[in-house]
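Read off the chains here:
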There are 2 protein chains.
Amino acid sequence: MDKIILDGMGGDNAPAAIVEGAVQALREDKQLYLIITGREAELKAELAKHKYDASRVEIVDCPDVIGMNDSPTEAVKRKQSSLIAGYWMLRKEDDICGLVTAGSSGATIAGGQLILGRIKGVKRPALCPAIPNVNGGVTLLCDCGANAECKPVMLCQFAVLASAYAQAGFGKQNPKVGLLNNGTEEHKGDPLRQETYKYLTQMQGINFAGNAEARDINMGDFDVVVADGFSGNVALKSIEGCAKMILAQMKKQFKSSPAALLGALFMQGGIKRMKKNLDFDRFGGALLLGLKKVVVKSHGSSKPVTIKNSIANALAIYRNGLIPKVEDLLAKVDPDNLITVEDE
Amino acid sequence: MDKIILDGMGGDNAPAAIVEGAVQALREDKQLYLIITGREAELKAELAKHKYDASRVEIVDCPDVIGMNDSPTEAVKRKQSSLIAGYWMLRKEDDICGLVTAGSSGATIAGGQLILGRIKGVKRPALCPAIPNVNGGVTLLCDCGANAECKPVMLCQFAVLASAYAQAGFGKQNPKVGLLNNGTEEHKGDPLRQETYKYLTQMQGINFAGNAEARDINMGDFDVVVADGFSGNVALKSIEGCAKMILAQMKKQFKSSPAALLGALFMQGGIKRMKKNLDFDRFGGALLLGLKKVVVKSHGSSKPVTIKNSIANALAIYRNGLIPKVEDLLAKVDPDNLITVEDE
């Protein structure tokens with residue numbers, strides 16, 4: 001059995017959507033064992049609405065709930081909350097592989113750093129979503145929000161972390177890494193980008209392919225795009241907003257005339273396939289990379305299918321050895337290089 | 001007559017696309033007088049392919065051409081180039097209203113600063129494209145590439161510049177301004193964002209409505225979104241990349257089966273309307289704001305219609321008094337505030 005902790009109270013649709021996603025995940029993976037944290041009575045009431053294998057579900061009663069507006073540092077102190085209690089269990093019990101939450105990003109990051117802890121040598125954990133690209137594959141964007149301010153050494157490490165994820169999560173043997181910049185030429189960008197570029201070219205074990213422009217994220221020219229958390233967040237949310245706008249426009253046009261509606265009917269299959277290719281929830285949110293165990297931060301607005309995908313993704317990358325891969329890759333990177341970077 | 005200088009040699013498709021766009025613009029606006037700079041023989045050969053009103057076109061022979069890879073500071077010295085010669089004329093001749101170029105961004109910005117000059121009080125010019133939003137309108141994103149590194153005073157001025165553009169270009173009386181940030185709460189972001197937020201709330205004459213997330217750009221909740229040139233560039237290119245990906249996916253699905261193709265035929269009108277709504281070239285590239293005259297930087301890959309739109313946009317905002325509006329608005333902003341910001 002592979003044990004995963006699921007934050008039963010995190011996100012806008014908790015606990016109903018969380019529990020429904022949990023039941024779907026249990027159905028699809030017979031080796032999955034779920035520990036759901038949260039208010040026991042509420043969780044039990046939701047579980048009772050479904051058919052599921054009760055021998056693979058455990059509820060841990062946590063009377064406290066962290067709100068989306070609680071400050072991360074305050075949140076971490078609330079040991080009776082579903083997320084923080086989950087982190088403590090994840091830290092203490094060796095046989096638990098990972099944690100999935102749709103709760104507050106800030107609290108998830110703070111709890112990861114302060115309770116679970118980082119892999120040795122990692123400066124900062126980073127959020128890394130898998131973004132659909134035009135090839136039907138994904139591009140990993142790291143960081144996209146955990147660290148608004150970054151130093152070159154952090155960006156270099158994000159390259160290591162996300163390369164390990166590309167290997168463990170998507171079977172990429174030698175993932176191509178780009179540095180998010182405002183142009184492709186070597187000299188482009190601010191001092192942060194210019195220094196990071198220099199160090200990335202020197203790093204062993206990383207397949208650095210130069211600067212990436214933000215449009216390359218969806219164009220699929222890179223497996224990994226490295227960014228500071230601020231501009232990574234801007235890229236991620238720009239893409240989300242643009243996709244939302246275009247799908248809204250499409251829907252409007254489908255309904256604009258009887259002919260268009262008829263056309264849309266003929267195209268139904270194609271539209272469904274397209275929506276599936278563009279589905280940002282296919283991998284259920286972002287991985288919080290750099291921690292001692294697998295942590296998946298699902299969207300705050302996660303639906304049951306998102307939670308199911310987040311759990312499946314957490315299991316898959318645990319089984320594919322994400323954590324040892326990060327450790328291996330970090331060991332290969334010449335630490336002297338990184339220390340030089342850090343000292344600057 | 002309203003005189004506009006058109007860089008005949010700038011961009012990937014020059015001079016053919018430039019000249020064709022010029023002819024279209026002349027046809028649509030009988031008050032337009034164009035001064036086209038570039039290699040005279042080439043420009044004349046292109047013009048000869050079209051019917052146009054020769055009394056409203058003037059060619060200024062410029063034997064030199066700036067390449068997309070020339071450094072901006074080197075480029076500015078090349079007085080015989082189509083762009084730089086254009087800037088010198090724009091500076092010297094009072095009756096020329098503006099300049100349109102599809103040439104190198106770096107050279108356009110450098111020439112604007114060093115030759116044409118900034119409006120009194122403006123720290124730095126900024127690139128400001130109009131991005132289509134879900135309401136069928138546009139959101140102005142300022143800066144999106146001229147200034148990779150910014151101070152709070154610069155971001156505050158971008159709010160002023162783009163507000164004037166929203167008024168002169170789109171008739172918005174009290175344009176709603178957002179600060180691009182990694183969350184909507186007041187405390188969000190790095191020190192640059194936190195300080196800028198504080199100053200924007202204090203600025204007279206600006207309708208500051210708080211932090212904007214990158215997804216808000218396409219959602220149309222703000223008329224103006226203010227950003228440092230690095231993250232603004234990331235937002236712009238992320239949106240371009242996403243739109244390109246989705247349209248490519250759509251095209252693929254249209255062709256995926258005879259039924260889909262038939263469906264697409266029924267939907268033709270709707271698809272055309274949608275593409276028009278999503279057309280990034282509707283306003284022909286970005287305005288270079290903060291300079292003494294109107295300068296429009298059209299995309300490097302501008303097609304004739306883009307050039308035509310760029311010229312029409314330059315004319316419209318000149319006629320609507322963009323420059324005096326910027327001066328007025330700058331005067332209204334309490335300069336003490338800005339000086340305080342600058343000193344920090």
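Quantities reported herein were computed from a predicted structural model and do not represent experimental measurements.

(A) Highlighting the overall build of chain A. Of regular secondary structure, chain A possesses 14 helices and eleven strands. Whereas a compact globule of 344 residues would reach a radius of gyration of roughly 20 Å, chain A reaches 21 Å, a difference of no more than 12%. When the accessible surface of chain A is totalled, it reaches about 13400 Å², and 49% of it is carbon and sulfur.

(B) Structural detail: the sheet that holds strand S6 (residues 138-142) of chain A. Residues and elements named next belong to chain A. An order of S3-S2-S1-S4-S11-S10-S5-S6-S9-S7-S8 is seen for the eleven strands of this open sheet, with the pairing classed as mixed. The open sheet is flanked by strand S3 (57-61) and strand S8 (207-212), the only strands paired with a single partner. On average, each strand axis in the sheet is tilted by 25° relative to the strand beside it, whichever way the strands run. Of the strands in this sheet, strand S1 (2-7), strand S2 (32-38), S3, strand S4 (96-101), strand S10 (286-289) and strand S11 (294-297) touch helix H4 (residues 82-92), which is tilted by about 165° from S4. Packing against the sheet, helix H6 (residues 152-170) makes contact with strand S5 (126-132), S6, strand S7 (176-180), strand S9 (224-226) and S10, and its axis sits at approximately 150° to S6.

(C) Molecular detail of the pairing of S2(A). Residues and elements named next belong to chain A. For S2, the tally of buried residues reaches seven of seven residues, placing the bulk of the element in the interior. Every second residue of S2 is oriented toward a common face, with Leu32, Leu34, Ile36 and Gly38 on one face and Tyr33, Ile35 and Thr37 on the other, all of them buried. Pairing analysis gives six bridges linking S1 to S2, with the strands arranged parallel. Bridge pairing links Asp7 to Thr37 in S2. Handedness of the crossover joining S1 and S2 through helix H1 (residues 16-28) is recorded here as right-handed. Sheet topology note: the S2/S3 ladder contains five bridges and is parallel. In the strand pairing of S3, Thr37 is matched with Val60. Where the polypeptide runs from S2 across helix H2 (residues 40-47) and back to S3, its parallel neighbour, the crossover connection is right-handed.

(D) A look at the packing of H6(A) against helix H13 (residues 322-332) of chain A. Residue and element names in this part refer to chain A. Where H6 meets H13, the closest approach of the two axes is 9 Å, and the angle between their N-to-C directions is 135°. If you check the angle between H6 and H13, you find them oblique. Considering the relative orientation of H6 and H13, their crossing is right-handed. The segment H6 lies against H13, with Gln157, Val160, Leu161, Ser163, Ala164, Tyr165, Gln167 and Ala168 engaging Leu322, Lys325, Val326, Leu329 and Leu330. Of the residues that constitute the contact of H6 with H13, the class distribution is nine nonpolar, three polar and one charged.

Each value, and the rule that gives it
- Residues numbered from 1 in each chain as written.
- Chains lettered and ligands numbered in written order.
- Predicted model: local features only at pLDDT ≥ 70, side-chain atom pairs only at ≥ 80, totals over all residues.
- Heavy atoms only, no water.
- Helix = DSSP H or I, 4+ residues; strand = E, 2+ residues; numbered from the N terminus.
- Rg over C-alpha atoms; globule rule 2.2 N^0.38 Å.
- Areas by Shrake-Rupley, 256 points an atom, 1.4 Å probe, with all protein chains shown as cover.
- Pairing = 2+ DSSP bridges.
- Axes fitted to C-alpha atoms, helices over the stretch in contact; angles between N-to-C directions.
- Contact = heavy atoms within 4.5 Å.
- Buried < 20%, exposed > 50% of the residue type's maximum accessible area, 1.4 Å probe, protein only.
- Right-handed = clockwise from strand over helix to strand, strands pointing away.
- Parallel < 35°, antiparallel > 145°, perpendicular 65-115°, else oblique.
- Left-handed = near helix turned anticlockwise from the far one by under 90°.
- Nonpolar A, V, L, I, M, F, W, Y, C, P; charged D, E, K, R; others polar.

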